[in-house]
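Here are the chains, one letter per residue:
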Amino acid sequence: MLIRNFQEAEEIARKVGPKKISVLRAENREFLLALKEAHQRGYGEPVLIGDERKIREIAEEISFDISKFVVIDSKDTQEIADRGVQLAATGETDFVLRGYIDGPPLYRSLIRVSSKRELKKQICVVALMQFPVLPKLIGLTDTGITVAPDFGAKMEIIKNAATLFSRLGYESPQVGIITARRGLNDELDSVSDAIKIKEAFAKRQFPECRIVDGLSLSDFFLGAEGFLEGFDEVDYSRIPDILLVHNLEFGNIFVKIDSVAERDFFSGVRRHGFIVGAGIPTVIPSRADTHETIITDIALGVLIS
Amino acid sequence: MIRNFKQILEKARNTGRKKLAVPAPRSRRVFQLLKEAEKTGLIIPVPVGALDEAIAMAQNGDVDLLFQGDAGMEDFINALTVKEAGIAERESLSYISLFELPSENRLILLTDTLMQAFPGIKQKVLILEHAIDFARILGIEKPRIAALSTVELVNFNVPSSVDAAVLAKMSERRQLKGIIDGPLDIDCASSRERSLRKGLESPVAGQVDIYLLPDIEASYSIAEVLVFLGRRILAGALMGTKVPVVLNPRFESSYSLLLDMALASIRV
């Protein structure tokens, strides 16, 4: 069940579900609308954590019968994150859906749980992106947590992303490391890290993914020496499955690149985010998302848990 | 005001043919481009045997423009910036990449997409001055500039946010000629609605002419993302040289290089 686009994810999730979902700060109309639809589709049922009074109010407004679901009343953001993550850690729920809370309290909860289990502590955000020009989904990482990961952190980030992709049906995902190597002033940390990462993977420290040749999109699409002629000559299937970015400065812009020209050349770009590395499947819709988008997040949560 | 690439070509043609020195052309890409640029009425190609010879011609004013041609990027920039060449200083070079926004009938500029790796605040001022000068050539008198970062608030762990805040203050005090706001993330910079939703009343959001990117990892790679994943033609301009110089970056198609030559022509 290799997922090539988000529609496939929604279809397969119907067969894989139902799952139990920790919903962090659920008192939001779009989230509850999405959970209602997700429940009807058989994706699963939520444990709703947040302001119970507001949750029940909104649920009634949208005719969502939540009488069978667990509702945990809390207004404290950190407590909400801790409770939701804890439920997933003990197996009472299958995955965490971030509702209307900020990243940092959730990161703290995830790191605490993973340290208790003596798992690796480098968590990262993987953005799963669908670009109309690409024949498959790609994962960008780390687009949300570590400002400037060093070599060791990058190794863990790659492993995290590969684990996520294996859950999405990729047997040995290809990883491309993006750097600013451009034949000029190339003494960059990104390049030296990339060389070390390639060496480490060549020694088969982690056979679950493969680092591809090349250090930039130009390298991936044009080869080491080639020049762009026309777009008809670009073989888009050569894009690696996972792209590692050097720092958050780049990752943050890449992940939102469609905002620069959404009415021109990036219409139809879609994205869904995950926090990976704590051993707790976690999907992170963005605040501006509508219920239609959040349903896909839930479907993806079903698939990776 | 120049609003698209077609107008750049027209304006360049109207300024008349320029003599363009090119060192040791040998690839099909470069030969075809020179032929096309000559046919279009942009240039008179002047093929020269060696790189330093081409640079000397540009320095002496024997030609109007200099083209990298088939010279390697590092070799070319080195030759351009040795003291004897007298054409540029390496630390003062910056590159601008231009894209068309058809739905808004205007151009956007990204900088520095090629030259400086991790510019400090002083270099960022220079990069911006170059971009502001360049915008004026396109007829944008008071460009709106977003100093990009990952956050909208100053965060001392994110150096670009601190730089952006300083640049915005400099613009407020009219130390820089454009209208600069920052730190802004790309989401807010590109949409007034999104920035208002985050509580930012920004004078540039949604109308940005120039995006100042934080470092080379972001800027070079973002130019590549726009080209490859957006399937967009771009145009480019090297700034900080005494004579207009056209580079030959691999992510620019032949048509982009033609536009680069047109841009260089209107700067003579």
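Let me begin by describing the structure that accompanies this report. (Residues numbered from 1 in each chain as written. Chains lettered and ligands numbered in written order. Predicted model: local features only at pLDDT ≥ 70, side-chain atom pairs only at ≥ 80, totals over all residues. Heavy atoms only, no water.)

1. A short note on the overall build of chain B
1) Next: Along its length, chain B carries 10 helices and 10 strands.
2) Next: Each principal axis of the C-alpha atoms in chain B carries an extent, and together these give about 60 × 40 × 35 Å.
3) Next: The 268 residues of chain B split such that 62% are buried.
4) Next: If you take every contact in chain B between residues at least 6 apart in sequence, the share linking residues at least 24 apart comes to 70%.
5) Next: Within the structure as shown, chain B displays about 10,300 Å² of accessible surface, and the carbon and sulfur contribution to it stands at 50%.
6) Next: A gap of 5 Å separates the mean positions of the 33 positive and 33 negative side-chain charges of chain B. (Helix = DSSP H or I, 4+ residues; strand = E, 2+ residues; numbered from the N terminus. Buried < 20%, exposed > 50% of the residue type's maximum accessible area, 1.4 Å probe, protein only. Contact = heavy atoms within 4.5 Å. Areas by Shrake-Rupley, 256 points an atom, 1.4 Å probe, with all protein chains shown as cover. Lys, Arg positive; Asp, Glu negative; His and termini not counted. Charge placed at Lys NZ, Arg CZ, Asp CG, Glu CD.)

2. Some details on the pairing of strand β6 (residues 138-141) of chain A
Regular strands have side chains that alternate between both faces of the sheet.
Residues and elements named next belong to chain A.
1) Next: The side-chain alternation of β6 yields two buried faces, one formed by Ile138 and Leu140 and the other by Gly139 and Thr141.
2) Next: Bridging between strand β5 (residues 124-130) and β6 involves 4 bridges; their strand directions are antiparallel. Bridging from a neighbouring strand, Met129 pairs with Ile138 of β6.
3) Next: Judged from the 3 bridges that link them, β6 and strand β9 (residues 242-244) form a sheet pairing that is parallel. When the sheet's bridge partners are listed, Gly139 is paired in β9 with Ile242. (Pairing = 2+ DSSP bridges.)

3. What to know about the packing of helix α6 (residues 151-167) of chain A against helix α7 (residues 189-202) of chain A
Residue and element names in this part refer to chain A.
1) Next: Here α6 crosses α7 at 55°, and the two axes come no closer than 10 Å. Classed by the angle they form, the pair α6 and α7 counts as oblique. Of the two possible hands of crossing, α6 and α7 adopt the one that is right-handed. Contact residues: Phe151, Lys154, Met155 and Ile158 in α6; Ser190, Asp193, Lys196, Ile197, Ala200 and Phe201 in α7.
2) Next: Of the residues that constitute the contact of α6 with α7, the class distribution is 6 nonpolar, 1 polar and 3 charged. (Axes fitted to C-alpha atoms, helices over the stretch in contact; angles between N-to-C directions. Parallel < 35°, antiparallel > 145°, perpendicular 65-115°, else oblique. Left-handed = near helix turned anticlockwise from the far one by under 90°. Nonpolar A, V, L, I, M, F, W, Y, C, P; charged D, E, K, R; others polar.)

4. A short note on the sheet that holds strand β7 (residues 179-184) of chain B
Residues and elements named next belong to chain B.
1) Next: The 6 strands lie next to each other as β7-β6-β8-β5-β4-β9, forming an open sheet whose pairing is mixed. Either end of the sheet is taken by a strand with one partner, and the two such strands are β7 and β9 (235-239). Across the sheet, the axes of successive neighbouring strands diverge by a mean angle of 25°, strand direction being ignored.
2) Next: Examined bridge by bridge, strand β4 (residues 94-101) and strand β5 (residues 106-111) share 6 bridges and lie antiparallel to one another.

5. So, the packing of aromatic side chains
Residues and elements named next belong to chain A.
1) Next: Under the defined criterion, the tally for this structure stands at 10 aromatic pairs over all chains.
2) Next: Plain terms: the ring middles of Phe265 and Phe266 are 5.4 Å apart, the flat faces sit at 50° to each other, and that makes the pair tilted. No difference in accessibility class separates Phe265 from Phe266, as the two residues are buried.
3) Next: We note Arg287 situated over the ring of Tyr100; from NZ or CZ to the ring centre the distance is 5.1 Å. (Phe/Tyr/Trp six-rings, centres within 6.5 Å; stacked < 30°, edge-to-face > 60°. Lys NZ or Arg CZ within 6 Å of the ring centre and 35° of its normal.)

6. Brief notes about the interface of chain A and chain B
1) Next: Taken residue by residue, the interface counts 50 residues in chain A and 54 residues in chain B.
2) Next: Where chain A abuts chain B, roughly 4,500 Å² becomes buried across the two surfaces, and 63% of that area is made up of carbon and sulfur atoms.
3) Next: When the area that chain A buries against chain B is broken down by residue, the three leading residues are Arg182(A), Glu249(A) and Phe265(A), summing to 15%.
4) Next: Asp232(A) is the salt-bridge partner of Arg231(B), the closest N and O atoms lying 3.6 Å from each other.
5) Next: Our count for the chain A to chain B interface comes out at 25 residue pairs in polar contact (both at pLDDT 80 or more).
6) Next: The set of elements that each furnish at least two residues to the side of chain A that touches chain B consists of α8 (217-222) and α9 (248-255) of chain A.
7) Next: Examining the composition of the side of chain A that touches chain B, we find that 6 residues originate from one element, α9(A), more than from any other. (Buried area = accessible area lost by both parts, 1.4 Å probe. Salt bridge = Lys/Arg side-chain N within 4 Å of Asp/Glu carboxyl O. Polar contact = N/O pair within 3.5 Å; in protein donor to acceptor, adjacent residues only side chain to side chain.)

7. What to know about the nonpolar core
1) Next: Counting 149 residues, the largest nonpolar core has Phe131(A), Phe254(A), Ile257(A), Ile298(A), Leu66(B), Tyr211(B) and Leu247(B) as the members making the most contacts within it.
2) Next: In terms of residue count, the dominant contributor to this core is helix α9 (residues 216-228) of chain B (9 residues).
3) Next: When residues of this core are assigned to domains, at least three fall in each of domain 1 (1-88 + 241-268) and domain 2 (96-236) of chain B. (Core = buried A, V, L, I, M, F, W, Y, C linked by side-chain atoms within 4.5 Å. Domains from an automatic or database assignment.)

8. What about the environment of Asn247(A)?
1) Next: Positionally, Asn247(A) belongs in the loop between β9 and α9.
2) Next: Look at Asn247(A) and you get buried, because its relative accessible area is 6%.
3) Next: Considering only alpha carbons, one finds Asn247(A) and Asp189(A), 58 residues apart in sequence, at a separation of 10 Å.
4) Next: The contacts of Asn247(A), once residues within four sequence positions are left out, are Val147(A), Ala148(A), Pro149(A), Phe118(B), Asp215(B) and Glu217(B).
5) Next: In terms of polar contacts, Asn247(A) uses its side chain to reach the side chain of Asp215(B), at 3.0 Å.

9. Considering the sheet that holds strand β3 (residues 65-67) of chain B
All names here are of chain B.
1) Next: Reading across from one edge, β2-β1-β3-β10 is the order of the 4 strands in this open sheet, with parallel pairing throughout. Edge positions in the sheet fall to β2 (43-48) and β10 (245-246), since each of these pairs with one other strand and no more.
2) Next: Note: strand β1 (residues 18-23) against β2, 6 bridges, orientation parallel. Following the sheet pairing, Lys19 is matched in β2 by Ile44.
3) Next: Running at roughly 145° to β2, helix α2 (residues 28-39) makes contact with β1, β2 and β3 of the sheet.
4) Next: Against the sheet, helix α10 (residues 254-266) contacts β1, β2, β3 and β10, and its axis sits at roughly 155° relative to β3.

So yeah, pure geometry; function would need other evidence.
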